[in-house]
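# Report on the structure
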Amino acid sequence: MAEHSKARWSGYNKFILYENRLRFFVVASNAADSRHRIIKIDRTAQDELNVIEDDSEYTGKEMTAMLKMLEDGNKSSGGLGKARVFFGIAGFIRFTAGWYMVVVSKRSVVALLGGHYLYHCENAEMFPVCFNHRIDKPTEEQRLLNLFKQVDMSKNFYFSYSYDLTSTLQHNLVGSNRFVSDTWSFNDRYAWNFNLMTSPFSNAEAPPIRPSWLLPLVHGHVDQAKLTVLGRVIFVTLIARRSRHFAGTRYLKRGANDEGNVANEVETEQIVSEALTTPFYYPAAHTDESTRARRPSPNYTSYVQYRGSIPIYWTQETNPGTLRPPIEISVVDPFFSAAARHFDQLFKCYGSPITVLNLIKEKEPIPRESKLLDEYSQCINYLNQFLPKGKKMEYRPWDMSRAYKDKSTDVISYLEDFAEESIQMTGFFHSGPEPFSHYLSAIEASHEPGPVPWRNHILLQNGVCRTNCVDCLDRTNAAQFVFGKRALGHQLHALGIIETPNLSFDTDVVDMLTEMYHDHGDTIALQYTGSATVNRVETYRGKPHWNSHSRDIIENIRRFYTNSLLDADKQAATNLFLGVKDSETIISKAPSRKGYTNWYNPEHLEPPYVVSECDQSLREFVLARGDFWTEYYRPLLFTSLGKHFAYSMNSTLKLPGKTAKDVNQSPFEINRRGGTKVVDGLRQWIGSQPRSSPKKHRDKSTARPKRQQAPPPPLAEENTTEYIANARLNPFVKESEEAEYADYITHGAKLLDAPTSNIERKDMEVYVFAVRTGMGSFAPRDSAKEFGAFMERGKSHGPVGVLGGWKYERWVGVGFGDGHL
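Note that the structure is a prediction, hence the values are computed from the model and not measured.

So, about the pattern of salt bridges. The full count for this structure, using the stated rule, is 25 salt bridges. When the shortest N-O distance is used, the salt bridge between Arg-84 and Glu-19 registers 3.5 Å. Here the residue Arg-84 occupies a position in strand 5 (residues 84-86), and Glu-19 occupies one in strand 1 (residues 12-19), the gap between them amounting to 65 residues. Since its relative accessible area comes to 37%, Arg-84 is described here as partly exposed. Ionic pairing is found between Arg-35 and Glu-57, a salt bridge with its closest N-O pair at 3.3 Å. Taken as a pair, Arg-35 in the loop between strand 2 (23-30) and strand 3 (36-42) and Glu-57 in the loop between strand 4 (51-53) and helix 1 (60-73) lie far apart in primary sequence, 22 residues in all. By relative accessible area, which is 15% here, Arg-35 ends up buried. With a relative accessible area of 38%, Glu-57 lands in the partly exposed category.

Structure follows, in structure tokens:
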């Protein structure tokens, strides 16, 4: 078993920078300020970066004495200077002369996983390392510096001090029998600042400092929401990791390169966990008094998906006059070398089986996507013929766009069926056995003697589903949502939350997941194309939003503008950030391969995760010290509950239209809320849109079902403890009070539905004018000057009711007869 989670020297989440003319001193501290470490960076040499780490760990008093000693010893060079607080070192970068240190200066919490906080980088700063920074080419240095800063590190960069965000939950907890990295304790494929971390020490045999001094940053998307099920709290976390290999913009990065890396490669992980305990483990059982060993928590599940461009050589040349550039297959490789390397990497990372869902168009008036369909199908058929039986890739081409337009197939149902097949083949990760309630239910439902099927061990995911369309954005995101919805049902079923893994649309849990995947798709699309997704899940469900068509037009225009004018600079900035040379092209050398038939490594076809080994590895993992404790609980810091992230995160109880009474409503019930909101009705009325059948609308939106509620049993004494306890346990609301409350919250709707024939025109105009002015949609033009004079006159003392000789009704009535309404 590989060392699945090397000790990440975690717990140090606060850094202080001291500087003088000769050195930088960086002090790392934990949340409780009880443990400290220090490194020294030389500022005298410009061409070399000299970093020295002190191997000792200091207490608070020892670090104070150390800083006092450094202050006295460096008085000749300025002492320690003013301290700067930051939250991590992202790495070092050099352009034409001298090194810069890139640090995270601001952060925010975005997720909580097993007691480990996941942070978003809110701001980053750069400090020149050399005190006398001499620049021979200041113009070129400034150009490269500005180009580097075009990669906005304050958007969509995430990190964690104690949790490996670059790897999946399954890999972090149970490990793998394959090494991810020999030098680093993280998966460098998804560490976007890997060049900043390694380039200063490329000539050294080993880095002079521990890798944990440098924070690996994941570029992608992280979101978390809370699912409340009758008092049980479930965390749903969505993590998207963008690969740093062959990364870039839409039309400048297409297909694959020689190494098998594809464009727009994103790994999406959906984690569902029950927040019964904070960490990844349970305390020791009462029967285990001798060892007091921790137990793995069975409340964590995860499911991993993958998206990436079609792994062949193809391009799209941008042309400002062409909205949809033609697709050209630049190199025809009969042996599909790039695709062979790509799928061999997938087998290495995820194992088998691999399911391939290809959503590009099959028939077009002018062939564009269909060119790729034929080439990709030949590629899969060619590679599959050399794979052993039982290890072949499951290939499913399907024209999703045509199926939606022709209405010949229910798009969502088809995807759900294929998602179920894929999940049954690959499985998903569950950190414990199946709930015992499933065993009891199986016994009760079984009519035949003998053992009933029940899983008494952990569940692992071996294999992955690879989804793609042309851009791997709109159709791909809708398909991945359907896979995520199906996986969520299985994950909740494995946790014992629901009886069957089937989830219905129009429920709170699916609505919450839909919003999460919308944000996920929009973020990935903005990074790749500069605009949000175009066709969303509601479109393929046949229930598009009323503004979806206009929104899609705007996003298409934004894509065209970004791809035509801004992508070149964005690609240059990405290459500089990732350390990619401008001379590197898609085909940098002649294609080479191991063989025409043995294109894969046979070891990669074996499962990377084995139940027996992973179960033992999980038990060893939970015995390790958890450095999250002081960071999560902050025992020395006074905090309010409202500021706690787990309390304030998004929840199904915070969805639009939710009230306090929905606490006891199941999020798996289909919502039947209908009608128009009061604000929408007000805007309709102000816009002079006639309201048809107002009584029908009032019945839908304001009618409340009568509850059959019996009054509490009468008690002899109303002030006794027994009476008060029964009143609290069985609250009773009188019908008169409930009717009064219903009348209070629906009086706006009644006002809107009231007939307007009995209202005087003057009163109607005054009311409409006041509402429009308050909404900012109407500003009096001719009356502005008179109103200013009215305000000036109002300062003088006049008779009561006249306001300085100016009649108030005169200004209110201005403009109503001048065609302003």
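Next comes the rest of the description.
The grouping of Phe-436, Leu-440 and Ile-443 at the surface amounts to a nonpolar patch, some 290 Å² of accessible area in total. Here Phe-436 lies in helix 9 (residues 436-445). On the basis of relative accessible area, Phe-436 is assigned to the partly exposed category, the value being 48%.

Within this structure, the stated rule accounts for 29 aromatic pairs. Residues Phe-15 and Trp-213 carry aromatic rings whose centres are separated by 6.1 Å and whose planes lie at 55° to one another, so their mutual orientation is tilted. Within this pair, whereas Phe-15 is found in strand 1, its partner Trp-213 is found in the loop between helix 4 (194-198) and strand 10 (218-229), the two being separated by 198 residues in sequence. Overall, the relative accessible area of 0% leaves Trp-213 in the buried class. Here a set of aromatic residues connected by ring pairs shows up, and it is made of Phe-95, Tyr-100, Phe-148, Phe-157, Trp-192 and Phe-577. For Arg-43, the ring lying beneath its charged end belongs to Phe-24, and the centroid distance is 4.2 Å. When the ring centre of Tyr-281 is taken as origin, the NZ or CZ atom of Arg-294, which lies over that ring, is 4.0 Å away.

Omega for the bond connecting Ser-352 with Pro-353 falls within 30 degrees of zero, at 5°, which places this linkage in the cis form. Relative to the helices and strands, Pro-353 is located in the loop between helix 5 (337-350) and strand 18 (354-358). The phi torsion at Asn-264 lies on the positive side, around 50°, for a residue other than glycine. Structurally, Asn-264 can be placed in the loop between strand 11 (232-242) and strand 12 (266-274). The exposure class assigned to Asn-264 is buried, which follows from its relative accessible area of 3%. Backbone geometry at Cys-472 places phi at a positive 60°, although glycine is not the residue there. Along the chain, Cys-472 turns up in the loop between strand 21 (464-468) and helix 10 (474-494).

A rise of 1.5 Å per residue sets the reference length of helix 11 (residues 508-529), with its 22 residues, at 32 Å; its end C-alpha atoms lie 31 Å apart and thus fit the reference within 8%. For helix 11, the tally of buried residues reaches 18 of 22 residues, placing the bulk of the element in the interior. Just downstream of helix 11 lies Gly-530, where phi reads positive at about 90°.

Parameters and conventions
Residues numbered from 1 in each chain as written. Predicted model: local features only at pLDDT ≥ 70, side-chain atom pairs only at ≥ 80, totals over all residues. Heavy atoms only, no water. Salt bridge = Lys/Arg side-chain N within 4 Å of Asp/Glu carboxyl O. Helix = DSSP H or I, 4+ residues; strand = E, 2+ residues; numbered from the N terminus. Buried < 20%, exposed > 50% of the residue type's maximum accessible area, 1.4 Å probe, protein only. Patch = residues over 30% accessible without salt bridge, like charges linked within 9 Å, V, L, I, M, F, W, Y side chains within 5 Å. Areas by Shrake-Rupley, 256 points an atom, 1.4 Å probe, with all protein chains shown as cover. Phe/Tyr/Trp six-rings, centres within 6.5 Å; stacked < 30°, edge-to-face > 60°. Lys NZ or Arg CZ within 6 Å of the ring centre and 35° of its normal. Expected span 1.5 Å × (residues − 1).

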